[in-house]
Each structure stands twice: as structure tokens, then as C-alpha cells.
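Here is what each chain is made of, one letter per residue.
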Amino acid sequence: MERKIVLKDDIVKALKEVGVCPGQAIMVHTSLSNLGFVCGGAQVVIEALLESVGEKGTIMMPAQSWKNLDPESGVHWEEPKEWWQLIRDNWPAYNKEITPTNTMGAVAEMFRRWPGAVRSDHPARSVAAYGKYAEYLTENHDLSNIFGDGAPIGRLYELDGYVLLIGVGYDKNTSLHLADARAEYPGKHLVTEYSAIMINGRRQWVAYETLHVDGEDFERIGAAFALRGKVTSASLGNGCIRLMRQRELVDFAVEWMERERH
């Protein structure tokens, strides 16, 4: 496929085409590489998003730093097992001002440092937000409540917010984890995770219990949801963007999981 060039005006136009407008609160997932050559890179994507929702709108993005989890969980798969204890003892404690994101993409990495953006306190599963509801969405992100009600994704549901996928599939759609937290199915279970955090000025390796994160069927859920006609899409460069109401997506996914998961 011939690589296309994407200008900021193209992004603004595509956002308007799918229904992004002033005042919305939107969780955004992005991949620059899937769009082609974005002239201006992550900066122009963020500018287009913020301009499109305006002063009364809010943009939120994942800012996960999941390398700050126990090596035994698989997050350091490329390192030998004999290093695992050294990693546990020496991995830097989470600092929301400087800890980089892991595989969240160039846009999310720039966004978490954007002037005025705020970031939640979870050491492995944080989000960053900018705008009217940024503080509300990011405050009190509990260690054990990663994606449930009261966590940033659950608070977006309370605000009747939206999900925007820019060049990515439903496997990147974090809001489906809220459905996972709400749904009841036989295989649902808790796990113990560990992260390095600061407590009273000291780095500590802390254990916490949380819901097992499972997204293997997210693409199937997204495809089934799209058949309901609840997703608006538009082409952008070599990829596409998709906008959906988060409440409709989550409510649908809860029913799907309770029916299909075992």
C-alpha cells in the first residue's frame, strides 16, 4: 500500500466526520505508524484533539508503565530468570512526572508530558488527562481497582464519555476492561501483582490484589458491537478512526462476556 501523508487539517476533518465535538470527554487510543506519515507527528494529533473538544472538553489517554510489574507475570520476557530478583529489588519506583509509558505509542507518551495534563497514581496502569474533567478522572486511582467503577475508566462511564480509536483496533480499547470488571462469568478471578512505589519517601516493592487482565477476545467483542451500527468511522491516511459512546460499548460487552466467556 502506498504510504499517505496526513496533515493536521486532515485529522481535524476526520474527527469532525466521526462526531467529535466541543464538550466531549473522550478516551483516545492511537497509533501514528498505522496512519502513514503524520506531518508533525504526535504533536499535531494532540493539538487536533484538544482543539476539537474545546475548553469544556476532556481528552484522556492510557499512560501505562506495565514494566513496573513482577517479572514472573511475563512483562520482562526478554530477560533471563536469574535477573528477576535484581529487577524486583532495583526497578525504579513509579513517578508520574517522569516514568515513561510502555508500548502506548508516541502520542500517549507526548500527551502525558503535555503542559496542563495530569496523570493518575497507579504505578503500572495509569492514565493521563487534559481538560475540564482531568482531575476528576485521574484522582484516587487505587492500586487494586485498575479498570473498574471508581477508576478512571469507570469515571468516564459516569460522565457518559466516548472512546476514540485512531489507527488501532479493539484490542487496544481499555474501556472493555470496565466491562470485564462488571461482568460475571465462571473464569473470572483475582491475581496478586507487585509494583515499585514510593511510601513515606522510601521505594518499596508492594503486593496488591486485582482483577486478572484479559483482553484476548476484545477484537471479537468490538466486531460484534460494530455490527450494531453504534460506531462511526472515517478514513485517515492509511488507517481509520472510530468513535463510539463508552456506555453503549461497555453495556454491550458485559452482556457479551456473560454469554460467551467460560
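From a predicted model like this one, the values you see are computed outputs, not experimental measurements. (Residues numbered from 1 in each chain as written. Predicted model: local features only at pLDDT ≥ 70, side-chain atom pairs only at ≥ 80, totals over all residues. Heavy atoms only, no water.)

**Q** Would you take a moment to explain the overall build of the protein chain for this structure?
**A** A tally of helices and strands in the protein chain yields nine helices and 11 strands. The principal-axis extent of the C-alpha atoms belonging to the protein chain is close to 50 × 40 × 40 Å. The buried share among the 262 residues of the protein chain stands at 51%. Looking at the protein chain alone, contacts between residues at least 24 apart form 70% of all its contacts between residues at least 6 apart. (Helix = DSSP H or I, 4+ residues; strand = E, 2+ residues; numbered from the N terminus. Buried < 20%, exposed > 50% of the residue type's maximum accessible area, 1.4 Å probe, protein only. Contact = heavy atoms within 4.5 Å.)

**Q** I tried to follow the side chain of K67 on my own but got confused; where do I start?
**A** Positionally, K67 belongs in the loop between strand 4 (58–62) and helix 3 (84–90). Within the local environment of K67, its side chain forms a polar contact with the backbone oxygen of V75, the two atoms lying 2.9 Å apart. (Polar contact = N/O pair within 3.5 Å; in protein donor to acceptor, adjacent residues only side chain to side chain.)

**Q** Is there a simple way to explain the pattern of salt bridges in this structure?
**A** A side chain of one charge can pair with a side chain of the opposite charge if their charged atoms are brought near each other. A full pass over the atoms with the stated rule returns 17 salt bridges. Among the ionic pairs, E109 bridges to R113, the shortest N-O distance being 3.7 Å. Judged by relative accessible area, R113 falls into the exposed class, the value being 53%. When salt bridges that share partners are traced, they join K8, E47 and E51 into one network. (Salt bridge = Lys/Arg side-chain N within 4 Å of Asp/Glu carboxyl O.)

**Q** Where do I start with helix 2 (residues 41–53) in this structure?
**A** For an α-helix, 3.6 residues make a turn, and residues three or four places apart therefore share a direction. Taken across its 13 residues, helix 2 has 10 buried, putting it largely inside the fold. Looking at helix 2, one finds that the buried residues are G41, A42, V44, V45, I46, A48, L49, L50, S52 and V53. Backbone geometry just after helix 2 places G54 at a positive phi near 70°.

**Q** What exactly am I supposed to notice about the side chain of H76 here?
**A** As for its position among the elements, H76 is in the loop between strand 4 and helix 3. Setting aside chain neighbours within four positions, we find H76 in contact with K67, L69, P71, W84, I87 and W91.

**Q** Would you mind going over unusual backbone geometry with me for this structure?
**A** Glycine aside, negative phi is the norm for most residues, and most peptide bonds take the trans geometry. Positive phi values are uncommon outside glycine, yet N140 reaches one of about 55°. You can see N140 is positioned in the loop between helix 5 (134–138) and helix 6 (152–158). Taking the relative accessible area as the measure of exposure, N140 reaches 61% and is therefore exposed. Its identity as a non-glycine residue notwithstanding, N200 has a phi of 55°, on the positive side. Checked against the element boundaries, N200 lands in the loop between strand 8 (190–199) and strand 9 (202–211).

**Q** Quick question: what am I supposed to make of the packing of aromatic side chains here?
**A** Any two aromatic rings considered together are summarised by their centre-to-centre distance and by the angle between their planes. Scanning all chains against the criterion turns up three aromatic pairs. Note on W66 and W77: the rings are 6.3 Å apart at their centroids and 25° apart in plane angle, and the pair reads as stacked. With W66 in the loop between strand 4 and helix 3 and W77 in the loop between strand 4 and helix 3, this residue pair connects regions lying 11 residues apart in the sequence. Residue classification places W66 among the buried residues on the basis of a relative accessible area of 14%. For W77, a relative accessible area of 59% puts it in the exposed group. R182 extends its terminal NZ or CZ atom over the ring of Y157, reaching a point 4.0 Å from the ring centre. The lysine or arginine in question, R247, covers the ring of Y157, its NZ or CZ lying 5.4 Å from the ring centre. (Phe/Tyr/Trp six-rings, centres within 6.5 Å; stacked < 30°, edge-to-face > 60°. Lys NZ or Arg CZ within 6 Å of the ring centre and 35° of its normal.)

**Q** What's the story with the environment of G167 in this structure? I'm lost.
**A** Checked against the element boundaries, G167 lands in the loop between strand 7 (162–166) and helix 7 (176–182). By relative accessible area, G167 is classed as buried at 11%. C-alpha of G167 to C-alpha of D180: the two residues are 13 residues apart in sequence and 24 Å apart in space. When near neighbours in sequence (up to four residues on either side) are disregarded, G167 contacts S31, N34, L35 and C240.

**Q** Help me understand the environment of E109 in this model?
**A** Tracing the backbone shows E109 in helix 4 (residues 106–111). A C-alpha to C-alpha distance of 9.0 Å links E109 and P62, two positions 47 residues apart in sequence. Apart from the residues lying within four places of it in its own chain, the contact partners of E109 are P100 and T101.

**Q** I'm lost on the pairing of strand 8 in this one. Help?
**A** Looking at chain direction, strand 8 and strand 9 are connected through 10 bridges and run antiparallel. Looking at the pairing, S195 lines up with V206 of strand 9. Here strand 8 folds back onto strand 9 in antiparallel fashion, the turn holding two residues, of which N200 has a positive phi close to 55°. (Pairing = 2+ DSSP bridges.)

**Q** Just checking my understanding: could you explain the sheet that holds strand 6 (residues 127–131) for this structure?
**A** Paired through their backbone hydrogen bonds, the strands of a sheet run either parallel or antiparallel. Here seven strands make up an open sheet; going across it, the order is 5-6-4-2-7-11-10 and the pairing mixed. The sheet is open, and its two borders are formed by strand 5 (118–119) and strand 10 (232–236), each paired with just one other strand. Direction of pairing for strand 2 (residues 25–30) relative to strand 7: parallel, over a ladder of five bridges. Among the inter-strand pairings, I26 is bridged to a residue of strand 7, identified as Y162.

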